[in-house]
Amino acid sequence: MKRREFITLLGSAAAAWPLAARAQQVPEVPRVGFVYPGSKAAAVTRIEAIMSGLRVSGYAAPAQVELVARTADGDPTRIAPLVEEILAKNVNVIVANGPPVLHVARSATRTVPIVAIDLETDPVAIGVAASLARPGGNITGVFLDFPNFTAKWIELLVESNPKLSRAAALWDPVTGPVQVESVKKAAESLNIELEILETRRPADFEGAFLIAIQRGAGAMAMLSSPLISSNVQMLAELSVGHRMPAITLFPDFARTGGLLAYGPNLLGLYRRVGVLTGNVLRGANPADLPIERPTKFELVLNLRTAELDGLRAKISTSIFAGMLAVLRWGRLMRPS
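Residues numbered from 1 in each chain as written. Predicted model: local features only at pLDDT ≥ 70, side-chain atom pairs only at ≥ 80, totals over all residues. Heavy atoms only, no water.

## Points about the overall build of the chain
Then, number 1: When you go through the chain residue by residue, the secondary structure sums to 14 helices and 11 strands.
Then, number 2: Across the 336 residues in the chain, those meeting the buried criterion constitute 55%.
Then, number 3: The long-range share in the chain, meaning contacts at least 24 apart out of those at least 6 apart in sequence, stands at 74%. (Helix = DSSP H or I, 4+ residues; strand = E, 2+ residues; numbered from the N terminus. Buried < 20%, exposed > 50% of the residue type's maximum accessible area, 1.4 Å probe, protein only. Contact = heavy atoms within 4.5 Å.)

## Overview of the pairing of strand β2 (residues 66-71)
Then, number 1: Burial of β2 is extensive: six of the six residues sit out of reach of the surface.
Then, number 2: The alternating pattern of β2 places Glu66, Val68 and Arg70 on one face and Leu67, Ala69 and Thr71 on the opposite face, and all of these are buried.
Then, number 3: Across six bridges, strand β1 (residues 31-36) lies against β2 in parallel orientation. Residue Val35 lies in a different strand from β2, and its bridge partner there is Arg70.
Then, number 4: Tracing the backbone out of β1, into helix α3 (residues 40-56) and back to the parallel element β2 gives a crossover that is right-handed. (Pairing = 2+ DSSP bridges. Right-handed = clockwise from strand over helix to strand, strands pointing away.)

## Comments concerning the pattern of salt bridges
Then, number 1: Counted under the stated rule, the structure contains 15 salt bridges.
Then, number 2: The partner of Asp75 in a salt bridge is Arg201, and the shortest N-O contact between them spans 3.8 Å. Of this pair, Asp75 sits in the loop between β2 and α4 (79-88) while Arg201 sits in the loop between β7 (193-198) and α8 (205-214), placing them 126 residues apart in sequence.
Then, number 3: The partly exposed category is assigned to Arg201, whose relative accessible area is 35%.
Then, number 4: Among the charged side chains, a network of salt bridges with common partners joins Arg166, Glu193, Glu195 and Arg215. (Salt bridge = Lys/Arg side-chain N within 4 Å of Asp/Glu carboxyl O.)

## What to know about the confidence of the model for the chain
Then, number 1: The pLDDT averaged across the chain works out to 84; a share of 84% of its residues lies at or above 70.
Then, number 2: Taken as a whole, residues 1-27 scores under 50 in pLDDT and shows 42 contacts with residues more than four places along the chain or in a different chain. (pLDDT = per-residue confidence, 0-100.)

## Digging into the packing of α8 against helix α10 (residues 232-241)
Then, number 1: The geometry of α8 relative to α10 is characterised by a closest axis approach of 11 Å and an angle of 30 degrees between their N-to-C directions. Overall, the two elements α8 and α10 adopt an arrangement that is roughly parallel. Once α8 is placed against α10, the crossing between them reads as right-handed. Every residue of α10 that contacts α8 at Phe205, Glu206 and Phe209 is listed here: Met234, Leu235, Leu238 and Ser239.
Then, number 2: The residue makeup of the contact of α8 with α10, split by class, is five nonpolar, one polar and one charged. (Axes fitted to C-alpha atoms, helices over the stretch in contact; angles between N-to-C directions. Parallel < 35°, antiparallel > 145°, perpendicular 65-115°, else oblique. Left-handed = near helix turned anticlockwise from the far one by under 90°. Nonpolar A, V, L, I, M, F, W, Y, C, P; charged D, E, K, R; others polar.)

## Considering the sheet that holds strand β3 (residues 93-97)
Then, number 1: The five strands are arranged β2-β1-β3-β4-β5 in an open sheet whose pairing can be described as parallel. The open sheet terminates on both sides in strands that have one partner only, identified here as β2 and β5 (139-143). Along the sheet, successive strands turn relative to each other by an average axial angle of 15 degrees, direction set aside.
Then, number 2: Bridge analysis of β1 against β3 gives four bridges, and the strand direction is parallel. Directly across from Val35, in β3, lies its bridge partner Ala96.
Then, number 3: The strands that α3 touches are β1, β2 and β3; relative to β1, the one it contacts most, it runs at about 145 degrees.

## Some remarks on the side chain of Thr175
Then, number 1: Note that Thr175 resides in the loop between β6 (166-171) and α7 (178-189).
Then, number 2: Every residue in contact with Thr175, bar those within four places of it in the chain, is listed here: Pro99, Glu120, Thr121, Ser224 and Ser225.

## Here's the deal with the side chain of Ser160
Then, number 1: Of note, Ser160 is situated in helix α6 (residues 148-160).
Then, number 2: Overall, Ser160 belongs to the buried group, its relative accessible area being 2%.
Then, number 3: One polar contact links the side chain of Ser160 to the main-chain carbonyl oxygen of Leu157, over a distance of 2.7 Å. (Polar contact = N/O pair within 3.5 Å; in protein donor to acceptor, adjacent residues only side chain to side chain.)

The following block contains the structure:
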């Protein structure tokens, strides 16, 4: 579908495929539910990527699959009602975005297959899966549970400014404590004083930047969460406006004006989720469908922002060497 059509889809009350198209579908096509915790605008590109993956699996909308989408617009209290609403539509599969949606969906059903994209938690440690190779329940998907990513962000901030002595970290508490513990250890090992700032909604961002500045932070790490990923442009603008060098998991943060980003190609992961969803629709059992983890990562440095922050001359050649090392094209690996 064209991008304009997706925007129309998300702007509607039902956020589902047009009734006229559904009326032509005989027999009834399978339904995929999608619950996104962020805004409708941010969900558009995610939906496009999921549909691209479904087409790879042989499902072309609207003739062969119907997507029923709901967005919480950054309000976590809306997630549970939206999941219930999706389930009431008798969907064949739920695509759960991030820990809050996954937790609610798992509590709501143990029979409807769930394909998750969760870049903040370990599925085995939290009991979602018995193992990566054989999850054993109704949940599979793409997970990133590498705490050392968070440590690398602090290292890169220090590389960009060797005189850095105090930093801040934005943290969405719904993602759990793993990233926080990792970033604290990394900061301690580098003799960096770290201020943890909780952010639960986009409205919290401005205040967090002001607190960071008041407390003398010279840089900021934005810990991974759907809240961060769906608001990278806003965060980039705040970072530049407050002259606060920052880094996060999502490459689009640096592409839209932020200083640094190091992480996987997000839309590539959503496409893979679409492929996995198609496999489930074709009869694959989530219990036997291995959980996947990204092995394709990008390190993006915005030189224009580095110039504005007065950091360009300070950025060492090791960052550029690191960029060459991590800008490799890999594949999502399936655990053996």
